[in-house]
Amino acid sequence: MLTDEMKAILDDARKQGWVLEPEAKRLLSLAGIDVPRFVWVHDKDQALQAAERAGFPIAVKVVSPDILHKSDAGGVAVGVSDAAELSDVVARFRSLPGFAGVIVEPMVAGIELIVGGKVDYQFGPIVLLGIGGTGVEIYQDIAVRMAPLSENDARSMPAGLKGGKLLEGYRGSRPVNMDRLAQLLIRFSTLLSAMADRVESIDLNPVMCTETDCIVADARILLAAADAHS
Amino acid sequence: MNYAPLFNPQTVAVVGVSLSNDRHPANVIYNKLHLRYPVKVYPVNPHGGMLHHDKVHRDISEIPVKIDLAVIAVRAEHVPGILESCIRSKVGGATIISGGFAESGRPDLQNRLVELAGASRFPFIGPNCLGIYVPNRFDTFFLPGERLIRPDPGNVAIVSQSGGVLVDQLVKFAEQGVGLSLAVSIGNKAQIREIDLLTYLAAESDTRVIAFYIEGFEKNEGRRFVQAATEISKPIVVLKAGKTAEGSRAASSHTASLAGDYRVFSEIAAQHGIIEARNEYEMVSFCESLSCYQKSITGKIGIITVSGGHGVLSTDACAEHGLQVPRLSEHWQKEIRNYLSPSVQPIASLANPIDLTGSAKDDDFIAAARALSQTPEIDCVIMLLLPYSPGITSDLGAQLSYVYQQEGKPLVAYVPHQEKYRMLIEGFELNNVPVAASIEGAVMMAEALRRCPVC
């Protein structure tokens, strides 16, 4: 079930038809899904304070209702290493259309996965797991399940990927924490089911997974046409 | 709703017979029912008159007995009126063959049928379909009997949106000796849809395997279908049309573009224990295998052949279909070798795949099959029989089936030529052991058992 706070986030997003990244992360966080400790700030000074608290290097991303694809618009800076660089980045982002601040957060490392949600015409809410990164649409290495997921469903998803071995610790790399990944998938599927009448699709991309955590580094929630602009 | 009159009628009215054109679809149906099936059939045409010395009734209400099934093959605009007459006359149900509804821009006419029937809980199949086929009982296909390849009665039910695909599957079922309990072409599926027949067939005692050819579902219907499937203890096999990637509606989301219609269907079917057949060959092989065995295997396959090449080809095919061909332990190899005939004993290779060589006789096959049926190292046996090998007799099929009857471990056979080795094949099939016409077909039969969650 959606809480009032969750509903308010979705209500506020109607005007642009999708949920701004900081709001999307707050929504996920309310559903018990791990996100980086982010701050949404509106000027350079606030950004500097946030960066010092988080500790450099940091990731900085533009927040704008006019920019759905932040990378394409030049609105993403990762590995920002000091105050000078941060000032430049914020100045550059200010000139982007619809500027509504920046999101500042610590860098997250790990294996890149994509976790997606879609409200399918025939099957209703479905959850997708894929090996992430830029090749995700080329390799099409994905698993799909109908939401909500059982524990078994969630655990069978990484096992069904061709690249599943990468997650189990391949050639000396550390394995991904499968308990945390399964927990993320289950909580996400529950959230998706609860808002299936309001959502078209969701990309949690990338989700960074390590031996200890699975953290959603970016999130895009597209509202259903009937819910947007209503 | 009671479907029994639809699928097991004693009395049938064929509405729309022509008095002047005996090739009219209604006449084809009337003639075959009248001449070849154990049902009582009544022709109906508003003009009345006589057809082949039988009285033609002007309306279904004029027939003096209670009608179980009305087969309706008249122009679309007349169908609602006939349906009303059926309902008033307490007919059990209808198969509406006629086209000219939603598929050609008249959804209003189709909705009218659904409303009329729904209000009276009157079941009907179609419209725009071939209807129903039950071997040796009756059928409503407007295809002359002599043109049809007719499968034998059996325990596989098949439901298809497309009449053409259904008839073609029946040809393949007949060729491969797969017996049929019921075949239904649901056409526009205005009222009775896949999920309704899934529920009906789950409780229908002649059916052990439920097969579907599906083109698509309505909004959220797929969800209801797979949820219903998880409640059913019979294997469900689905062949899905439309596998090519659907253009993504929302290019702005990776998920929407990755999760195309077919991909979603395929994975969600598997999640819910539905056995997806990727093509028509798998469809036939899976149905044949599951109609004989409902025993789940982990996929440890033992292969018996008389040719090294067949051993390698089948091992490759097993790997492609997710099955293992484990090396047999020395203990069990010895166990087999002890019972082989003297000429075969020194030259057979028994590690699995087992190559009994061209010198093998019936008894060598039986010894190998019996040992593989007893060892826990194997959970399904594939027999690749090449009957041109002189030591093999026509009795071998029945004898190997006897091994299965005694040991209870699934056994599938490949025999190359269906006509020439008919008796060998019947020795298997009449004793409930499935026979494939190709090596890969035999491997698919084993795969069906591995993928069957309710077996």
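Residues numbered from 1 in each chain as written. Chains lettered and ligands numbered in written order. Predicted model: local features only at pLDDT ≥ 70, side-chain atom pairs only at ≥ 80, totals over all residues. Heavy atoms only, no water.

Asks: Which residues make up the overall build of chain A, and what values go with them?
Replies: Within chain A, the secondary structure is distributed over eight helices and eleven strands. Principal-axis analysis of the C-alpha atoms gives chain A an extent of 50 × 50 × 30 Å. Evaluated residue by residue, chain A yields a buried proportion of 52% over its 230 residues. Within chain A, contacts between residues separated by at least 24 positions form 63% of all contacts whose residues are at least 6 apart in sequence. Accessible surface, chain A as shown: approximately 10000 Å² in total, 52% of it carbon and sulfur. Charge separation in chain A, taken as the distance between the mean sites of 23 positive and 31 negative side-chain charges, equals 2 Å. (Helix = DSSP H or I, 4+ residues; strand = E, 2+ residues; numbered from the N terminus. Buried < 20%, exposed > 50% of the residue type's maximum accessible area, 1.4 Å probe, protein only. Contact = heavy atoms within 4.5 Å. Areas by Shrake-Rupley, 256 points an atom, 1.4 Å probe, with all protein chains shown as cover. Lys, Arg positive; Asp, Glu negative; His and termini not counted. Charge placed at Lys NZ, Arg CZ, Asp CG, Glu CD.)

Asks: Explain the interface of chain A and chain B to me, using residue names and the numbers behind them.
Replies: A common measure of how large an interface is: the accessible area buried when the components associate. At the junction of the two partners, chain A supplies 33 residues and chain B supplies 27 residues. In total, about 2600 Å² of surface goes out of reach between chain A and chain B, with carbon and sulfur atoms giving 54% of it. One can count one salt bridge joining chain A with chain B. One salt bridge connects Glu 267 of chain B with Arg 145 of chain A, and the closest N-O pair in it is separated by 3.2 Å. Taken together, the elements giving at least two residues each to the side of chain A that touches chain B come down to strand S6 (111–120), strand S7 (124–131), helix H5 (136–139), strand S8 (142–146), strand S9 (199–209) and strand S11 (219–223) of chain A. Here the residues of the side of chain A that touches chain B are counted per class, giving 17 nonpolar, eight polar and eight charged. (Buried area = accessible area lost by both parts, 1.4 Å probe. Salt bridge = Lys/Arg side-chain N within 4 Å of Asp/Glu carboxyl O. Nonpolar A, V, L, I, M, F, W, Y, C, P; charged D, E, K, R; others polar.)

Asks: Break down helix H16 (residues 439–451) of chain B for me, citing the residues and quoting the values.
Replies: Residues and elements named next belong to chain B. Its 13 residues place the ends of H16 19 Å apart at the C-alpha level, agreeing with the 18 Å of an ideal helix rising 1.5 Å per residue. H16 sits mainly inside the fold: ten of its 13 residues count as buried. What H16 keeps buried is the set Ile 439, Gly 441, Ala 442, Val 443, Met 444, Met 445, Ala 446, Glu 447, Ala 448 and Leu 449. (Expected span 1.5 Å × (residues − 1).)

Asks: Which residues make up the domain arrangement of chain A, and what values go with them?
Replies: Residue and element names in this part refer to chain A. Along its sequence, chain A is carved into domain 1 (4–34 + 109–223) and domain 2 (39–106). Each of domain 1 and domain 2 was reduced to a C-alpha centroid, and the two centroids are 24 Å apart. Contacts between the two partners involve eleven residues from domain 1, matched on the other side by eleven residues from domain 2. Of the roughly 950 Å² buried between domain 1 and domain 2 on both sides combined, carbon and sulfur atoms contribute 63%. (Domains from an automatic or database assignment.)

Asks: Can you explain the pattern of salt bridges? Please cite residues and give values.
Replies: Residue and element names in this part refer to chain A. Under the counting rule described, the total for this entry stands at 33 salt bridges over all chains. Here Asp 11 and Arg 14 are joined by a salt bridge, their closest N and O atoms 3.6 Å apart. You can call Asp 11 partly exposed: its relative accessible area is 35%. In this structure, Lys 61 engages Glu 105 in a salt bridge whose closest nitrogen and oxygen atoms are separated by 3.1 Å. With Lys 61 in strand S3 (residues 58–62) and Glu 105 in strand S5 (residues 102–106), the pair connects residues that are 44 residues apart, well separated along the chain. An identical accessibility class is assigned to Lys 61 and Glu 105; each is buried. Salt bridges sharing common partners tie together Glu 21, Lys 25, Lys 61, Lys 70, Glu 105 and Asp 218.

Asks: So, the sheet that holds S3 of chain A: which residues are in play, and what are the values?
Replies: Residue and element names in this part refer to chain A. Strand order in the open sheet made by the four strands is S2-S5-S3-S4, with antiparallel pairing throughout. Taken across any chain shown, the strands that pair with only one partner, and hence form the sheet edges, are strand S2 (39–41) and strand S4 (76–80). Taken over all neighbouring pairs, the strand axes of this sheet differ in orientation by 20 degrees on average, direction set aside. Against the sheet, helix H2 (residues 21–30) engages S2, S3 and S5, with an angle of about 50 degrees to S5. (Pairing = 2+ DSSP bridges. Axes fitted to C-alpha atoms, helices over the stretch in contact; angles between N-to-C directions.)

Asks: Residue-level account of the state of the cysteines, with values.
Replies: Under the counting rule described, the total for this entry stands at two disulfides over all chains. Disulfide partner of Cys 209 of chain A: Cys 214 of chain A, at an S-S distance of 2.3 Å. The S-S bond linking Cys 209 of chain A to Cys 214 of chain A shows a torsion near 115 degrees; that makes this disulfide right-handed. Among the residues examined, Cys 209 of chain A registers a relative accessible area of 1% and is labelled buried. At a sulfur-sulfur separation of 2.0 Å, the disulfide partner of Cys 452 of chain B is Cys 455 of chain B. Taking the torsion about the S-S bond as the criterion, the Cys 452 of chain B to Cys 455 of chain B disulfide, at about 85 degrees, is right-handed. On the basis of relative accessibility, which here comes to 1%, the residue Cys 452 of chain B falls in the buried class. In this structure Cys 287 of chain B is a free cysteine whose sulfur lies 11 Å from that of Cys 292 of chain B, the closest cysteine sulfur available. As a non-bridged cysteine, Cys 318 of chain B has Cys 380 of chain B as the owner of its nearest cysteine sulfur, 8.6 Å distant. (Disulfide = S-S within 2.5 Å.)

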